[in-house]
Amino acid sequence: MQPPIADRRPSSATHHGITLVDEYEWLRDKEDPAVLAHLEAENAWTEQRTAHLARLRESIFAEIKARTLETDLSVPTRIRGHWYYSRSFEGKEYGASCRVPVADPEDWTPPVPATDAHVDQPALPGEEILLDLNELAAGHDFFSLGGSSISLDGARLAWSSDVVGDERYTIRVLDLATREVLADEITGVLGGATWHPDGQSFFYTTVDESWRADKIWRHRLGTSQDSDELVFHETDARFWVGVGRTRSDRFVMIVSGAKTTSEYRVLDTTDDAAGFQVYAERESGVEYSLEHAVIGGQDCFLVLHNGGGPNFEVARAPITPTPRADWAPFIEHDAQVRLDDVDAFATHLVVHQRSQGLTQLRILELDGIGVADDYQVEFADEVYTIGSGGNPEFDQPVVRLGYTTLARPGSVHSYDVRTRELQLLKETPVLGGYDAADYTERRLWATAPDGVRVPISLVLPKDAPQDGTTPILLYGYGAYEASIDPYFSIARLSLLDRGAGFAIAHIRGGGEMGRHWYDDGKLEHKQNTFTDFIACARHLVEEQWTSPDRIVAEGGSAGGLLIGAVANQAPELFAGFVAQVPFVDILTTMLDSSLPLTVLEYEEWGNPEGDPEAFARIRDYAPYENVAAVDYPPILAETSLNDTRVLYVEAAKWVARLRERAVGRRDFLLRTEMAAGHGGVSGRYKAWTDRAFSLAWILDRMGLAEVPSRTSS
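Asker: What am I meant to see in the side chain of arginine 67 here?
Answerer: Position of arginine 67 among the secondary structure elements: in helix 2 (residues 54-67). A polar contact is formed between the side chain of arginine 67 and the side chain of aspartate 497, at a distance of 2.8 Å. Not counting the four nearest positions on each side in its chain, arginine 67 is found in contact with Pro429, Val430, Leu431, Ile490, Leu493, Ser494, Asp497, Ser709 and Thr711.

And the structure:
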């Protein structure tokens, strides 16, 4: 069997006086039987080319399964009169959401389940199963829960689901007393539902033809979708919209957001007739968000904004529409600290921030006047991630926070603001005698060509030598100000326990080092993203952590663009590349404003259709455009047929052109999930199978395919 060779059917288009010829654009039509046949042929070739890894894949899957507590329970979260939690069950792909009544209103310690509860038994006394996702997924190859929300009176549950993978969800409503699914059915929704406090209506979002979230609707129970009220329509194609409710449950907010500009509309539900009101008119380049707080007995909004500096500050402002000029400083801008978010509670505020590439959690205690104290919740590790979540109640006196490192499983803690005591509620169980002390974590700094220091987070087996012989998987993303903070992974242990290391390159385009880190890795500075990643790889080699024949690079989506660009610019530094749902045909996509998300992306990449400089710049680094007669290392491209964010055709065209133009090894594989979306397959066992496939290929490239895991029996 030989690798599939796609037909060359040249098409051409001229932009800014330059004619682009594309031999493989015909692969875009997924309704064409010839396209589907080609994708199936690619899958067959990939399966044959990796057949020698079948036993290794089985071993990795078994390792993931053996290390995972399959029947488990999340830490219950208190919302009004109930504790809510999710359960997973051995042998089942999906979990279930459940609740039990709050027994003691004064006790904020979550109930502890019986450790010996059978899979078919309640985990806690009085357990009510809200949604069993296995039942909802029955009969479907793909299932994704878009969201679920309980009405404020606890009587009804609205949930949304997608059974295709295209992220077009359908909302349904369950009466929790009768277990009756109401006749209300809302289709074509993005995400889930936000309940109005009246419990008789909810808000939801829909998208336009280019998959831009552009409309907010209000649905009243017992009516048809055709009669739903269009609350807001965002007509500026650069902006998307979303809707949510404040923690205090008083305000419903609609946000209009572009890459660098935002605007809020606020509904005070104590005066529904007043409708949504613009809080502060949008200003180009100014982003802001609103958080309802009560400080010194006065209702106010805490406004997180970048009007006074790129790293954001917090202002205090009235709950009525107020221009930026009248916002009062509350937490001032700090060039060394990026403020990411602020959460308000009755007795305290929680500030999410980052400094020197690491996350921080800050507590501001309130008294009857204002801020009584200001401090951080601290842990001792060198490389870590901390953040709060699962804190839905305005009056709660505790802060639920999460903590993890590359070697320490994720843990959930409760921080009692009253006593300043930190209580461990749960650490993700890792079965089989796992010990974090068997691994070493390091923070390294590479130097980019322009002299900028780029952080690297690294985890290795503790006995790994620093002599250039340790294989390393180097991961990167570098876009949208998304920070890839250190995180633990059970699947990753199948690499580490065979002697490999794992590193995250915290490159520009992300947000790890503050807003300037993002600004210096987009638009005309995008090349910094690629040279930062290359610098990180070179640093690992020069400091003898590894060597070029032992480094494999991995990235997905915009990180797939990174992988494609680096493959063109520094193929000699790597033993292989893994590109997942890769954005590798960026020039074609950004030249077509009718494609999903293109216009929204102009502020990230530029508008090559209207701007000749943006056209030239993107053309210079676009992976597909720059495939050359080069001896590339082996490449594994993984994509999904129903992905609406990065279309499957990008990976398909890229692999076809690599096969046509590359010289030397020409070992390129395309693996297409035929029933999945941007996030890949659904169901945990399917996801483990997919990850085992990728890890087996990576280990093969590292020369470790025959090395047993040190924990294998």
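Moving on from the model shown.
Asker: What am I meant to see in the sheet that holds strand 19 (residues 277-278) here?
Answerer: Through backbone hydrogen bonds, the strands of a sheet pair up, either in parallel or in antiparallel fashion. Overall, antiparallel pairing links the four strands, which are arranged 16-17-18-19 in an open sheet. The sheet is open, and its two edges are formed by strand 16 (240-245) and strand 19, each paired on a single side. Relative to strand 19, strand 18 (residues 262-268) is paired through two bridges, and the arrangement is antiparallel. Paired with valine 266 across the two strands is glutamine 277, which belongs to strand 19.

Asker: What should I look at first to understand the packing of aromatic side chains in this one?
Answerer: Geometrically, a pair of aromatic rings is defined through the distance of the ring centres and the angle of the planes. Within this structure, the stated rule accounts for 23 aromatic pairs. Consider the rings of phenylalanine 379 and tyrosine 403, whose centres lie 3.9 Å apart with planes at 20°: the pair is stacked. Highlighted residues: phenylalanine 379 in the loop between strand 27 (371-377) and strand 28 (385-388) and tyrosine 403 in strand 29 (residues 398-404), separated in sequence by 24 residues. Under the relative-accessibility criterion, phenylalanine 379 is labelled partly exposed at 26%. Judged by relative accessible area, tyrosine 403 falls into the buried class, the value being 6%. Consider the rings of tyrosine 632 and phenylalanine 668, whose centres lie 6.2 Å apart with planes at 75°: the pair is edge-to-face. Placement of the pair is tyrosine 632 in the loop between helix 10 (612-621) and strand 38 (635-640) and phenylalanine 668 in strand 39 (residues 668-673), with a sequence separation of 36 residues. For phenylalanine 668, a relative accessible area of 1% gives the class buried. Here the aromatic cluster, defined as three or more aromatic residues joined through ring pairs, consists of Tyr477, Tyr480, Phe583 and Trp605. If you follow lysine 92 out to its NZ or CZ, it ends over the ring of phenylalanine 89, 5.4 Å from the centre.

Asker: What should I look at first to understand unusual backbone geometry in this one?
Answerer: Glycine aside, residues mostly have negative phi angles, and peptide bonds mostly take the trans form. The backbone of aspartate 249 sits at a positive phi, close to 70°, despite the residue not being glycine. When you line up the elements, aspartate 249 lands in the loop between strand 16 and strand 17 (251-257). Phi at glutamine 544 takes a positive value of approximately 65°, unusual for a residue other than glycine. Relative to the helices and strands, glutamine 544 is located in the loop between helix 6 (527-542) and strand 36 (551-556). Judged by its relative accessible area of 42%, glutamine 544 is partly exposed.

Asker: What is the right way to look at the pattern of salt bridges in this model?
Answerer: Close approach of charged atoms lets side chains of opposite charge pair. Following the criterion strictly, the structure yields 60 salt bridges and no others. Salt-bridge contacts for lysine 259 lead to glutamate 601; the nearest nitrogen and oxygen are separated by 3.4 Å. Within this pair, whereas lysine 259 is found in the loop between strand 17 and strand 18, its partner glutamate 601 is found in the loop between helix 8 (586-590) and helix 9 (602-605), the two being separated by 342 residues in sequence. A residue is classified by how much of its surface remains accessible, and glutamate 601, at 10% relative accessible area, is buried. Ionic pairing is found between arginine 282 and glutamate 263, a salt bridge with its closest N-O pair at 2.8 Å. Linking arginine 282 in the loop between strand 19 and strand 20 (288-295) with glutamate 263 in strand 18, this pair joins segments that are 19 residues apart in sequence. For arginine 282, a relative accessible area of 26% translates into the label partly exposed.

Asker: Help me out: how do you make sense of the environment of arginine 453 in this one?
Answerer: In this structure, arginine 453 sits in strand 33 (residues 453-461). With relative accessibility at 48%, the residue arginine 453 sits in the partly exposed group. For arginine 453 and serine 97, which are 356 residues apart along the polypeptide, the C-alpha to C-alpha distance reads 45 Å. Ignoring sequence-local partners within four residues, the contact set of arginine 453 consists of Trp445, Ala446 and Trp517.

Asker: I tried to follow helix 6 on my own but got confused; where do I start?
Answerer: Because an α-helix packs 3.6 residues into every turn, residues spaced three or four apart end up facing the same way. Spanning 16 residues, helix 6 covers 22 Å between terminal C-alpha atoms, matching the ideal 22 Å at 1.5 Å per step. Burial analysis of helix 6 places twelve of its 16 residues in the buried class, the great majority of the element. Buried residues of helix 6: Asn528, Thr529, Phe530, Thr531, Asp532, Phe533, Ile534, Ala535, Cys536, Ala537, His539 and Leu540, and no others. Looking at the residues trailing helix 6, positive phi occurs at glutamine 544, about 65°.

Asker: Help me understand helix 7 (residues 558-569) in this model?
Answerer: With twelve residues, helix 7 should reach 16 Å at 1.5 Å per residue; the first-to-last C-alpha distance of 17 Å fits that figure. The element helix 7 is largely enclosed, with a buried count of eleven among its twelve residues. Listed as buried for helix 7 are Ala558, Gly559, Gly560, Leu561, Leu562, Ile563, Gly564, Ala565, Val566, Ala567 and Asn568.

Asker: Honestly, the layout of surface pockets in this entry has me stumped. Any pointers?
Answerer: Rolled over the atoms, a probe sized like a water molecule indicates the empty space that remains. Here the second largest pocket is characterised by a volume of approximately 280 Å³. As for the second largest pocket, its lining consists of 17 residues, of which Ala13, His15, Asp22, Glu25 and Thr588 are closest to the centre. When contributions to the lining of the second largest pocket are tallied by element, the ones reaching two or more residues are strand 1 (11-15), strand 2 (18-22) and helix 8. Here the lining of the second largest pocket is composed, by residue class, of seven nonpolar, four polar and six charged.

Asker: Explanation requested: the pairing of strand 16 in the structure shown.
Answerer: Where a strand is regular, its side chains alternate between the two sheet faces. By the bridge criterion, six bridges tie strand 16 to strand 17 in an arrangement that is antiparallel. The residue bridging glycine 242 from the neighbouring strand is valine 255, located in strand 17. The turn linking strand 16 back onto strand 17 is made up of five residues, and aspartate 249 within it adopts a positive phi angle of 70°.

Asker: I would appreciate a short explanation of empty space enclosed by the protein in the present structure.
Answerer: Following the criterion strictly, the structure yields four cavities of 30 Å³ or more and no others. In this structure, the second largest cavity spans a volume of roughly 100 Å³. Around the second largest cavity, the lining comprises 13 residues; the ones closest to its centre are Trp108, Gly390, Gln396, Val398 and Arg400. When residues in the lining of the second largest cavity are grouped by element, the largest group, three residues, is from strand 29. Residues belonging to the lining of the second largest cavity are distributed by class as follows: seven nonpolar, four polar and two charged.

Conventions adopted
Residues numbered from 1 in each chain as written. Predicted model: local features only at pLDDT ≥ 70, side-chain atom pairs only at ≥ 80, totals over all residues. Heavy atoms only, no water. Helix = DSSP H or I, 4+ residues; strand = E, 2+ residues; numbered from the N terminus. Polar contact = N/O pair within 3.5 Å; in protein donor to acceptor, adjacent residues only side chain to side chain. Contact = heavy atoms within 4.5 Å. Pairing = 2+ DSSP bridges. Phe/Tyr/Trp six-rings, centres within 6.5 Å; stacked < 30°, edge-to-face > 60°. Buried < 20%, exposed > 50% of the residue type's maximum accessible area, 1.4 Å probe, protein only. Lys NZ or Arg CZ within 6 Å of the ring centre and 35° of its normal. Salt bridge = Lys/Arg side-chain N within 4 Å of Asp/Glu carboxyl O. Expected span 1.5 Å × (residues − 1). 1 Å grid on protein atoms, 1.4 Å probe; cavity = no way out; pocket = protein on both sides within 12 Å on 5 of 7 lines; lining within 4 Å. Points joined across faces, edges and corners; volume = space filled by probe spheres on them. Nonpolar A, V, L, I, M, F, W, Y, C, P; charged D, E, K, R; others polar.

Keep in mind these numbers describe shape, not what the thing actually does.
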